[in-house]
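One letter stands for each residue in the lines below.
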Amino acid sequence: SVVENKDKHVFIIDEINRGNVSKILGEAITLIETGKRKGAEEELQVTLPYSGKKFGVPDNIYIIGTMNTADRSIATLDTALRRRFFFKEMLPDANVLNGIAVNGVSISGMLERINQRIEVLYDREHTIGHAYFMSLKNDPTIETLAKIFENNIIPLLQEYFYEDYEKIRLVLGDSKKSDENAMFIIARANNYSDLFGNVDIGLDDGYSYKINKKAFTNIEAYKSI
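Thresholds applied
Residues numbered from 1 in each chain as written. Predicted model: local features only at pLDDT ≥ 70, side-chain atom pairs only at ≥ 80, totals over all residues. Heavy atoms only, no water. Helix = DSSP H or I, 4+ residues; strand = E, 2+ residues; numbered from the N terminus. Contact = heavy atoms within 4.5 Å. Expected span 1.5 Å × (residues − 1). Buried < 20%, exposed > 50% of the residue type's maximum accessible area, 1.4 Å probe, protein only. Patch = residues over 30% accessible without salt bridge, like charges linked within 9 Å, V, L, I, M, F, W, Y side chains within 5 Å. Areas by Shrake-Rupley, 256 points an atom, 1.4 Å probe, with all protein chains shown as cover. Salt bridge = Lys/Arg side-chain N within 4 Å of Asp/Glu carboxyl O. Axes fitted to C-alpha atoms, helices over the stretch in contact; angles between N-to-C directions. Parallel < 35°, antiparallel > 145°, perpendicular 65-115°, else oblique. Nonpolar A, V, L, I, M, F, W, Y, C, P; charged D, E, K, R; others polar. pLDDT = per-residue confidence, 0-100. Phe/Tyr/Trp six-rings, centres within 6.5 Å; stacked < 30°, edge-to-face > 60°.

## Description of the environment of Gly 104
So, step 1. Relative to the assigned elements, Gly 104 resides in the loop between β5 (101-102) and β6 (105-106).
So, step 2. For the pair Gly 104 and Ile 219, spaced 115 residues apart in the sequence, the C-alpha separation amounts to 8.9 Å.

As structure tokens, this is what we get:
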């Protein structure tokens, strides 16, 4: 005899909005509806093309589709898919990082401050996730924090703000730091006469920007965020 498995099973489809949903789910797009599940009042089954067997979706099957709202591709989702799923927003949760500190710097407090600034300068969909800092749970050192900022946070901010380093400096608190060694992005005024001589080339006064790698291992750079 066949014993029916009543355990709950979960399918996770990562970045579901980037895939061809009709190919991913096929006829199952109808079968996953609550009212069409096996045992439901309007149970629906289909005949599999190769085996010829009947196929239905039990009510102990759960489907989770993940997506990144920052890329705005949610708009491309099929209406049929939208009707069959409910959407739950998962914003960064700095509380997950509570208790983690590097040389006296609260990582949760630092992340909250950074995200508050990103919300003002960009929007809430582009706030930085707490997952980037989870490795600090087991290794709360300045070296680990430096790698996170150099390899993840700075490149992410460069992408978000399209190389607008003045806004990146605002996010990281560099604009209010008095010690240049604690600045992640150093801004220096351009001296056009020194660069080009006394030639009128119609350039406005501007700044050049340099990523200060020494700041990544300087705890004062993080304290000043």
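## Considering the environment of Met 134
So, step 1. Structurally, Met 134 can be placed in the loop between α4 (107-121) and α5 (142-160).
So, step 2. Sequence separation between Met 134 and Ile 107 is 27 residues, and the spatial gap between their C-alpha atoms is 9.9 Å.
So, step 3. Excluding residues that lie within four positions of it along the chain, Met 134 makes contacts with Val 96 and Leu 97.

## Details of α4
So, step 1. Over its 15 residues, α4 runs 21 Å from end to end, which matches the ideal 21 Å to within 8%, given 1.5 Å per residue.
So, step 2. Within α4, the full set of buried residues consists of Ile 107, Ser 108, Met 110, Leu 111, Ile 114, Asn 115, Arg 117 and Ile 118.
So, step 3. Elements in contact with the buried residues of α4: β5, β6, α5, α6 (165-171) and α8 (219-223).

## Quick look at a nonpolar patch on the surface
So, step 1. The grouping of Val 10, Ile 12, Tyr 62 and Ile 64 at the surface amounts to a nonpolar patch, some 390 Å² of accessible area in total.
So, step 2. Counting residues per element, the ones that place at least two in the nonpolar patch are β1 (9-13) and β4 (61-65).
So, step 3. Residue position: Ile 12 is located in strand β1.
So, step 4. Under the relative-accessibility criterion, Ile 12 is labelled exposed at 61%.

## Topic: the packing of α4 against α5
So, step 1. Axis separation between α4 and α5 bottoms out at 14 Å; the angle between their running directions is 10°. Classified by the angle their axes make, α4 and α5 are roughly parallel. In this structure, α4 contributes Ile 107, Met 110, Ile 114 and Ile 118 to the contact, and α5 contributes Leu 145, Phe 149 and Leu 157.
So, step 2. Partitioning the contact of α4 with α5 into residue classes produces seven nonpolar, no polar and no charged.

## Remarks on α5
So, step 1. Here α5 spans 25 Å end to end across 19 residues, near enough to the 27 Å set by a 1.5 Å rise per residue.
So, step 2. Taken together, the buried positions of α5 are occupied by Ile 142, Thr 144, Leu 145, Ala 146, Ile 148, Phe 149, Ile 153, Ile 154, Leu 156, Leu 157, Gln 158 and Tyr 160.
So, step 3. Packing partners of the buried residues in α5 comprise β5, α4, α6, β8 (207-211) and α8.
So, step 4. Directly after α5, the chain includes Tyr 162, whose backbone phi takes a positive value near 50°.

## Observations regarding the confidence of the model for the protein
So, step 1. The predicted model of the protein has a mean per-residue pLDDT of 87, with 89% of residues at 70 or higher.
So, step 2. Averaged pLDDT values for the elements of the protein fall to 69 in helix α7 (residues 192-196) and rise to 98 in β5.

## Observations regarding the packing of aromatic side chains
So, step 1. Counted under the stated rule, the structure contains eight aromatic pairs.
So, step 2. Between the aromatic rings of Tyr 165 and Tyr 209, the centroid separation amounts to 5.7 Å while the plane-to-plane angle is 25°, which identifies the pairing as stacked. Of this pair, Tyr 165 sits in helix α6 while Tyr 209 is found in strand β8, placing the two residues 44 residues apart along the sequence.
So, step 3. For Tyr 209, a relative accessible area of 30% translates into the label partly exposed.

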